[in-house]
Structure formats: C-alpha cells, structure tokens
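Fold and contact review
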Amino acid sequence: MALSAKFIRAQLELLKPLLERLELESARKGQARVGELMQFLHRRDVVVRQHAFGDFPGAWVLPRDKRRQGVILYLHGGGFTCGDLDYALGFGST
C-alpha cells in the first residue's frame, strides 16, 4: 500500500469517532472532502470523465499508464450515508 493511502487510512481512523457523532449532512460533507483530497493526490495517475447514466451521475476513472489492464466496477450501496460521487471517485482514483 502506498504511503499516501496509508496516510489517508490513518486519518480516516482518527476521524471515525468524530464522524459518528456528526449530523448526517455534516458527515456527508466531510466525506466528500476526503474524496476530493484522494482525487487530488492521484490526479497525475488517472483521468476522470464524468458520465450521466440516466437518472444518476457517474464517472469513468481511467489510468494514464496504458500498460495497466483490467477494470474495477464500483457500485454505490444505494444509501447516501457515506459520501457522494466525489467520495467514490477518490477511492476509484486510488
């Protein structure tokens, strides 16, 4: 695991008790910021292309390194309790 991923994971563990006490809207905003930070850290590694899938937003996260093979399909669990598309893009970028 890369150092940046270990750092983010450690920060999330520290923030978890605080997030559990927040109102849902505040927790969502905080998690969206974490996703934005993760996207920022990996901005040189991937290209993000927004894509509308009918009634919901989505995105393709493509590696810049053309030698990378394979695909990961990330499907949100359906309940909006842990971040929005930015949050998911942060993890997709990683």
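Scroll up for the structure.
Note that this is a predicted model, so its numbers are computed, not measured. (Residues numbered from 1 in each chain as written. Predicted model: local features only at pLDDT ≥ 70, side-chain atom pairs only at ≥ 80, totals over all residues. Heavy atoms only, no water.)

So, on to helix α2 (residues 24-41). Along its 18 residues, α2 runs 26 Å from first to last C-alpha, staying within 8% of the 26 Å computed at 1.5 Å per residue. Within the span of α2, buried status applies to Ala-27, Arg-28, Gln-31, Ala-32, Val-34, Gly-35, Met-38 and Gln-39. When α2 is viewed along its axis, its buried side chains cluster within an angular range of 160 degrees and face the same direction. (Helix = DSSP H or I, 4+ residues; strand = E, 2+ residues; numbered from the N terminus. Expected span 1.5 Å × (residues − 1). Buried < 20%, exposed > 50% of the residue type's maximum accessible area, 1.4 Å probe, protein only. Arc of directions from axis to C-beta.)

This paragraph deals with the packing of α2 against helix α3 (residues 85-93). In the contact formed by α2 and α3, the axes pass within 7 Å of each other and the chain directions differ by 35 degrees. Considering the relative orientation of α2 and α3, their crossing is left-handed. Seen from α2, the contacting residues are Gln-31, Ala-32, Gly-35, Glu-36, Met-38 and Gln-39; seen from α3, they are Asp-86, Tyr-87, Leu-89, Gly-90, Phe-91 and Ser-93. Looking at side-chain class alone, the contact of α2 with α3 contains 5 nonpolar, 5 polar and 2 charged residues. (Axes fitted to C-alpha atoms, helices over the stretch in contact; angles between N-to-C directions. Left-handed = near helix turned anticlockwise from the far one by under 90°. Contact = heavy atoms within 4.5 Å. Nonpolar A, V, L, I, M, F, W, Y, C, P; charged D, E, K, R; others polar.)

Keep in mind these values describe shape, not function.
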